[in-house]
Amino acid sequence: MKKKKIEFNFNYIKFQSKILLNNLNFFIYNIQRKNLKLFRFFDQRKIGSIPRILLSSIIIVTFFYMAPIFSNYENKFFFSKDEHQNNSKAILAYTLNQKNNGLDENNKGINEKDLLIDIFSLNDLESDTVRLDASTIKQLFDDTDYKLEDVRETKLVKPVALTLLPNEIKMIENTTERKEFFIQIILPLILEENNNIRLDRKTLFSIINKSNNTKLEKKWLEKKYKQYGVVSKDLSLLKIRMDEVPVSLAIAQAAKETGWGTSRFAQEGNALFGQWTWSGEGLKPKEADETKGHKVMKFNVLQASVRAYQRNLNTHRSYQNFRLARAELRDRGVPLDSIILSKFLNNYAETGDKYVDVLQKIIKQNNLKDFDDSKLLPSSKDLESLT
């Protein structure tokens, strides 16, 4: 969303102008009152108008000489009409918005298609999906014995992966029931993406600990450098970027951005995290100019939305401090704390620190940290080693 930045107090400039005018009047009055020798000399010879005209000319010339300088200064510092955009929620804010506002020094020269290709491929794979209604999904959860109450105790989540949100979720009147239903749907998706990252980190650390790497390992590294926008091919930077997002934080952001799954963007576009696009496929916000501004990125499946969200946090320059704080927690050997890390997401929304307060409130009120150490039931030996 665009906003003009005009940081200036007009009452203040009026006040300063009055002070300047009064000082000028007082100065002229003193000159006249003291009857300076210069004026008296010319007055005695009846040519007193000459110095006064000369002084007035100097003042006028000086004024017109200085006016452009003051004008440029105020335009630069007070009346700047440059439009500023909050691009941190753009879908990675790279070439999709045609401005490259999301690129930092470490991203310059990257091929954005490489960075997004796995998201787009996931999106394209599941184009013919079926939307299940709420009652069918609830029955599926019952049949698989998937209950959040059990998850909070056992920390084990059934791998029930849904591709679309049910339309009826917004018709569930009981707030607690609607929230838990939404969490049941997105929890396996978030854990799945975290598992993918954990597997990648396991491979990365294995490569780092070797003195010599195979061609296959080097090829894998090249792919990940591109995927995480690490043009410098710096292993330490890749390690910082290739990391998980706490489950409770991801749930809280999805809940905030979608109204617990009830928003139009979530229902029509599987947009769980409100990411923006200027040229990609998306949904236009209501009451917005159809020919101007951003759209909310549209996905064919929920999983693609989760992956794009994590890639956004792991690569966009607005979240560099988020990543550094996360890396510090890793270095200290402590769990990733969603309350701590949420403090570094003030750039995610234009409300800034208020947005952070809302996220923390959602996490605490709904006991979302109970899910931070939950595990998706393994479907492979690799995943079993991560649990």
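Residues numbered from 1 in each chain as written. Predicted model: local features only at pLDDT ≥ 70, side-chain atom pairs only at ≥ 80, totals over all residues. Heavy atoms only, no water.

A.B. asks: Before we go on, may I ask you to explain the side chain of Asn194 in this structure?
C.D. replies: Note that Asn194 resides in helix H7 (residues 175-208). Among residues more than four places away in sequence, those in contact with Asn194 are Glu244, Val245, Val247 and Gln310. (Helix = DSSP H or I, 4+ residues; strand = E, 2+ residues; numbered from the N terminus. Contact = heavy atoms within 4.5 Å.)

A.B. asks: How do you make sense of the packing of aromatic side chains when you look at a structure like this?
C.D. replies: Two descriptors summarise a pair of aromatic rings, namely the distance from one centre to the other and the angle between the planes of the rings. Under the criterion given, the structure shown has 6 aromatic pairs. Ring centres 5.9 Å apart and planes at 80° place the aromatic pair Phe182 and Trp260 in the edge-to-face group. Of this pair, Phe182 sits in helix H7 while Trp260 sits in the loop between helix H10 (247-258) and helix H11 (264-269), placing them 78 residues apart in sequence. Here Trp260 falls in the buried class, since its relative accessible area comes to 11%. (Phe/Tyr/Trp six-rings, centres within 6.5 Å; stacked < 30°, edge-to-face > 60°. Buried < 20%, exposed > 50% of the residue type's maximum accessible area, 1.4 Å probe, protein only.)

A.B. asks: Sorry if this is basic, but what is going on with the pattern of salt bridges here?
C.D. replies: Scanning the model with the defined rule gives 17 salt bridges in all. Ionic pairing is found between Lys233 and Glu222, a salt bridge with its closest N-O pair at 3.1 Å. On the criterion of sequence distance, the pair formed by Lys233 in the loop between helix H8 (215-227) and helix H9 (235-241) and Glu222 in helix H8 is long-range, its members being 11 residues apart. Between Asp243 and Arg326 there is a salt bridge, with its nearest N and O atoms 3.9 Å apart. Of the two residues, Asp243 is situated in the loop between H9 and H10 and Arg326 in helix H13 (residues 320-332); the sequence distance between them amounts to 83 residues. (Salt bridge = Lys/Arg side-chain N within 4 Å of Asp/Glu carboxyl O.)

A.B. asks: Explanation requested: unusual backbone geometry in the structure shown.
C.D. replies: When glycine is set aside, most residues are seen to have a negative phi, and most peptide bonds are trans. For Lys233, which is not a glycine, the phi torsion comes out positive at approximately 55°. By relative accessible area, which is 44% here, Lys233 ends up partly exposed.

A.B. asks: It is not clear to me how the packing of helix H5 (residues 134-143) against H7 should be interpreted in this structure. Could you clarify?
C.D. replies: Any two packed helices are characterised by the angle at which their axes cross and by the distance between the axes. At a closest axis distance of 12 Å, the pairing of H5 and H7 adopts a crossing angle of 70°. Considered as vectors, H5 and H7 are oriented roughly perpendicular to each other. H7 is crossed by H5, and the crossing has left-handed handedness. When H5 is examined against H7, the residues Ala134, Ile137, Lys138 and Phe141 are found in contact with a partner set consisting of Glu177, Phe181, Gln184 and Ile185. A class-by-class count of the residues in the contact of H5 with H7 yields 5 nonpolar, 1 polar and 2 charged. (Axes fitted to C-alpha atoms, helices over the stretch in contact; angles between N-to-C directions. Parallel < 35°, antiparallel > 145°, perpendicular 65-115°, else oblique. Left-handed = near helix turned anticlockwise from the far one by under 90°. Nonpolar A, V, L, I, M, F, W, Y, C, P; charged D, E, K, R; others polar.)

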